[in-house]
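Letter by letter, the chains look like this.
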Amino acid sequence: MEEEVGGEEYLFKVVLIGDSAVGKSNLLSRFARNEFDPNNKATIGVEFLTQELEIDGKMVKAQIWDTAGQERFRAVTSAYYRGAVGALIVYDISRKTTFESVERWLDELTTHCETTVARMLVGNKCDLEDIRDVSVEDGKSLAEEEGLFFMETSALNATNVQTAFEMVIREIYNNVS
Ligand code: GDP
Ligand code: MG
């Protein structure tokens, strides 16, 4: 979805993907509401949240979609991806299996999205250094191989959350303007 509204406004659809419990919902609630839910209940409760950003003096709206937990059943539907121009592919740095799933999520994204999608690989929960299971180097090299932006984040302490979303949104803006 890249709609130009009134000549000065843009609306971009961005999707959050990645295995269950990597922190997708908390990344979104941290970004959009500056909130974190320590319990396993961070259901945004809506399909997406909209955030406004100013880029080059233009008002840019990012409609950020969160799954309702259906990724547990590997049943994220094509409607979820439809019209997406940006994606954050999230894994949990304390659980290697979630990193190993990244390729599958990238394949799914490619299958469902035809246009150029600005993609950021996000290693979340970087506050869990003590139980790190995926090195920063491994994250970086996968991102390089696949041509993705890369950032480690923590929805818990807010590290890089704003930056990660903003980088994706800026890249989309660069792609369309
Ligand atoms: P989702 O299934 O990918 O949407 O993941 P959630 O946002 O529901 O988070 C799953 C669990 O991980 C919850 O218990 C969160 O509190 C926790 N969590 C999410 N982000 C972080 C983080 O950055 N650091 C830590 N330590 N825990 C996190
Ligand atoms: Mg969730």
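As shown above, the structure is provided for reference.
Scope of this entry: the structure provided in the associated data block.

Here is what the cut-offs are and how they apply
- Residues numbered from 1 in each chain as written.
- Chains lettered and ligands numbered in written order.
- Predicted model: local features only at pLDDT ≥ 70, side-chain atom pairs only at ≥ 80, totals over all residues.
- Heavy atoms only, no water.
- Near = heavy atom within 4 Å.
- Polar contact = N/O pair within 3.5 Å; in protein donor to acceptor, adjacent residues only side chain to side chain.
- Areas by Shrake-Rupley, 256 points an atom, 1.4 Å probe, with all protein chains shown as cover.
- Helix = DSSP H or I, 4+ residues; strand = E, 2+ residues; numbered from the N terminus.
- Phe/Tyr/Trp six-rings, centres within 6.5 Å; stacked < 30°, edge-to-face > 60°.
- Buried < 20%, exposed > 50% of the residue type's maximum accessible area, 1.4 Å probe, protein only.
- Salt bridge = Lys/Arg side-chain N within 4 Å of Asp/Glu carboxyl O.
- Pairing = 2+ DSSP bridges.
- Patch = residues over 30% accessible without salt bridge, like charges linked within 9 Å, V, L, I, M, F, W, Y side chains within 5 Å.
- Lys, Arg positive; Asp, Glu negative; His and termini not counted.
- Charge placed at Lys NZ, Arg CZ, Asp CG, Glu CD.
- Axes fitted to C-alpha atoms, helices over the stretch in contact; angles between N-to-C directions.
- Parallel < 35°, antiparallel > 145°, perpendicular 65-115°, else oblique.
- Contact = heavy atoms within 4.5 Å.
- Nonpolar A, V, L, I, M, F, W, Y, C, P; charged D, E, K, R; others polar.

Time to look at the site of ligand 1. The environment of ligand 1 is formed by 21 residues, the closest being A21, K24, N26, D127 and A155. At 2.7 Å from an oxygen atom of ligand 1 is found a side-chain nitrogen or oxygen belonging to K24. P38 is positioned with one of its backbone polar atoms (N or O) 3.4 Å from an oxygen atom of ligand 1. Starting from 570 Å² of accessible surface for ligand 1 in isolation, the protein chains cover 88%. At three residues, the largest contribution of residues to the shell around ligand 1 is made by helix α1 (residues 24–33).

What follows covers the packing of aromatic side chains. Summed over the entire model, instances satisfying the criterion amount to seven aromatic pairs. Between Y10 and Y173 the ring centres are 5.4 Å apart and the planes differ by 80°, which places this aromatic pair in the edge-to-face class. In this pair, Y10 sits in strand β2 (residues 9–17) while Y173 sits in helix α6 (residues 161–176), placing the two residues 163 residues apart along the sequence. As far as the burial class goes, Y10 and Y173 line up, both buried.

For the rest of this paragraph, the subject is the pattern of salt bridges. Scanning the entire structure with this criterion turns up seven salt bridges. For R104, the salt bridge is made with D19, and the minimal N-O distance between the two is 3.7 Å. Residue R104 is found in helix α4 (residues 102–112), and its partner D19 is found in the loop between β2 and α1; the two are separated by 85 residues along the sequence. A relative accessible area of 27% places R104 in the partly exposed class. The buried category is assigned to D19, whose relative accessible area is 15%. Among the ionic pairs, E71 bridges to K24, the shortest N-O distance being 2.8 Å. In this pair, E71 is assigned in the loop between β4 (58–65) and α2 (78–81) and K24 in helix α1, connecting sequence segments 47 residues apart. K24 carries the same exposure label as E71, and that label is buried.

Quick look at the pairing of β4 now. Note on strand geometry: in a regular strand, side chains alternate between the two faces of the sheet. Of the strand pairs in this sheet, β2 and β4 are connected by seven bridges, and their pairing is parallel. Bridged to Y10 within β4 is V60. Here strand β3 (residues 48–55) pairs with β4 via eight bridges, running antiparallel. Paired with T50 across the bridge in β4 is Q63. In sequence, β3 turns back onto β4 through a hairpin of two residues, with D56 there showing a positive phi of about 50°.

A word on a negative patch on the surface. Side chains of E103, D107, E137, D138, E144 and E145 sit close together on the surface and give a patch of like negative charge. Elements that contribute at least two residues to the negative patch include exactly α4 and α5 (136–146). Per-element accounting of the negative patch gives the leading share, four residues, to α5. Topologically, E145 is positioned in helix α5.

Across the interface, α1 lies against α6 with an axial gap of 9 Å and an inter-helix angle of 90°. When the axis of α1 is compared with that of α6, the two are roughly perpendicular. When α1 is examined against α6, the residues L27, L28, R30 and F31 are found in contact with a partner set consisting of V161, Q162, F165 and I169. Counted by class, the contact of α1 with α6 contains six nonpolar, one polar and one charged residues.

Even without a glycine there, the phi angle at D56 is positive, about 50°. With respect to the secondary-structure elements, D56 resides in the loop between β3 and β4. Residue classification places D56 among the exposed positions, given a relative accessible area of 60%. Of note in the backbone geometry, A158 takes a positive phi value of approximately 75° without being a glycine. By the element assignment, A158 lies in the loop between β7 (149–152) and α6. A158 gets classed as partly exposed once you look at its relative accessible area, which sits at 34%.

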